[in-house]
Amino acid sequence: MAILITGGAGYIGSHTVKELLKTNREIVIFDNLSRGHHEAIPVGVKFEKIDILNRDLLLKALIKYKIDSIIHFAAFAYVEESVRNPELYYRNNVNGSFNLINSAVIAGVKRFIFSSTCSVYGNPNKIPINETAEVNPINPYAKTKLLVENKIREVSEVTGMKYVILRYFNAAGDSPDGEIGESHDPEPHLIPRVMYSALGKLNNLKIYGDDYPTKDGTCIRDYIHVTDLANAHLKALEYIENDNESIILNLGTGEGYSVNEIIEKAREITGVDIKAEIDLRREGDPAILVADNKKAKKVLNWNPQFGLKEIIQTAWNWHKNQKY
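Residue numbers run consecutively from 1 along every chain, following the written order of its sequence. Two thresholds apply to this predicted model, a pLDDT of at least 70 for residue-level local features and 80 or more for giving and counting side-chain atom pairs, whereas whole-chain, interface and lining totals are computed over all residues. Here the side-chain values reflect all heavy atoms present in the structure, with hydrogen atoms and water set aside.

## Details of the sheet that holds strand β12 (residues 257-258)
Consider a sheet: its strands pair through backbone hydrogen bonds, and that pairing is either parallel or antiparallel. Here a strand pair is declared whenever DSSP counts at least two bridges between the two strands. A run of DSSP states H or I qualifies as a helix once it reaches four residues; a run of E qualifies as a strand once it reaches two. Both are numbered from the N-terminal end. Reading across the sheet, the three strands line up as β12-β9-β14 and stay open at both edges, with mixed pairing between neighbours. With one partner strand each, in any of the chains shown, β12 and β14 (288-289) form the two edges of the open sheet. Here strand β9 (residues 220-221) pairs with β12 via two bridges, running antiparallel. The residue of β12 that forms the bridge with Ile 220 is Ser 258.

## Thoughts on the sheet that holds strand β4 (residues 67-72)
If you walk across this open sheet you meet the seven strands as β3-β2-β1-β4-β5-β6-β11, and the pairing is parallel. The two strands at the open ends of the sheet, each matched to only one other strand, are β3 (46-48) and β11 (247-251). Pairs of neighbouring strands in the sheet enclose a mean axial angle of 20 degrees, with direction left out of account. Taken together, the seven bridges between strand β5 (residues 111-117) and strand β6 (residues 162-168) define a ladder with parallel strand orientation. In the sheet register, Thr 117 faces β6, and the bridge partner there is Tyr 168. Residues count as neighbours in contact if any of their non-hydrogen atoms are within 4.5 Å of one another. Every axis in this analysis is a line fitted to C-alpha atoms, fitted for helices over the stretch in contact. Angles between the N-to-C directions lie between 0 and 180 degrees. Most of the contacts of helix α7 (residues 226-241) go to β6, to which it runs at about 160 degrees, and overall it touches β1 (2-6), β4, β5, β6 and β11.

What follows is the structure, given as structure tokens:
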């Protein structure tokens, strides 16, 4: 029996594949390569170029590879883009995920791990945020993720398929060995854009709003290293392989940093006087998102190993060796 990684050529997916390969499990990757990178797929790993919107191909491939467990990353994940083009997000993230879930039921898949987001909490009433907090998404991206969460839970109640829903905070950093890293086109995420600025590849690094109710007026986020996220997926898989109850978990460090603090730490690590300019707020951005990660630590026996310094250092190491 095999484990399917959808979106395994993407940023978090490829890092998770890298960690799973250490366990000698049989892995299959499905990715349409619209935003993933073929070069991120390890040599020898089974790969199918499949779009999750194609239900017929999905079902045939799930049966072909005798998929037993799915880790589902494949989705569009840019808040600003989702605000501009919500139909794209509902079609890809919701319709595609529903196709995958329905096909998984028919194919007899027993376990499902879903890549969700802390954005489902919207503007939380209490910081840090735990899993019992009210969900109130304020942008289309987050709304699509919540719809898929609900679908998984409903299917589990009917079929008994076990699930772990992982609500990420801000994934960041790159592989410590420098093999794989974060590369999107266009790149919407703060830390890679800060790296571009330090390398002279970006002349207009923008801070979107300095009038939020935070210590310095800029948004605060909980940055979690992508390798820590990948390890959490491995532990989540082991958790449901041992027939434990289905669960929703936050994945973050429990530490929040403002945009200004990220830029200042990057100046320190890169030795570059990185310039930034204030711009208007982006629609759909909450002021503060910081995780209460106690539940994930306890249930999965998981502890983040990388702090902000290591996140920015691994990002700098990877980006400065790329040919842009």
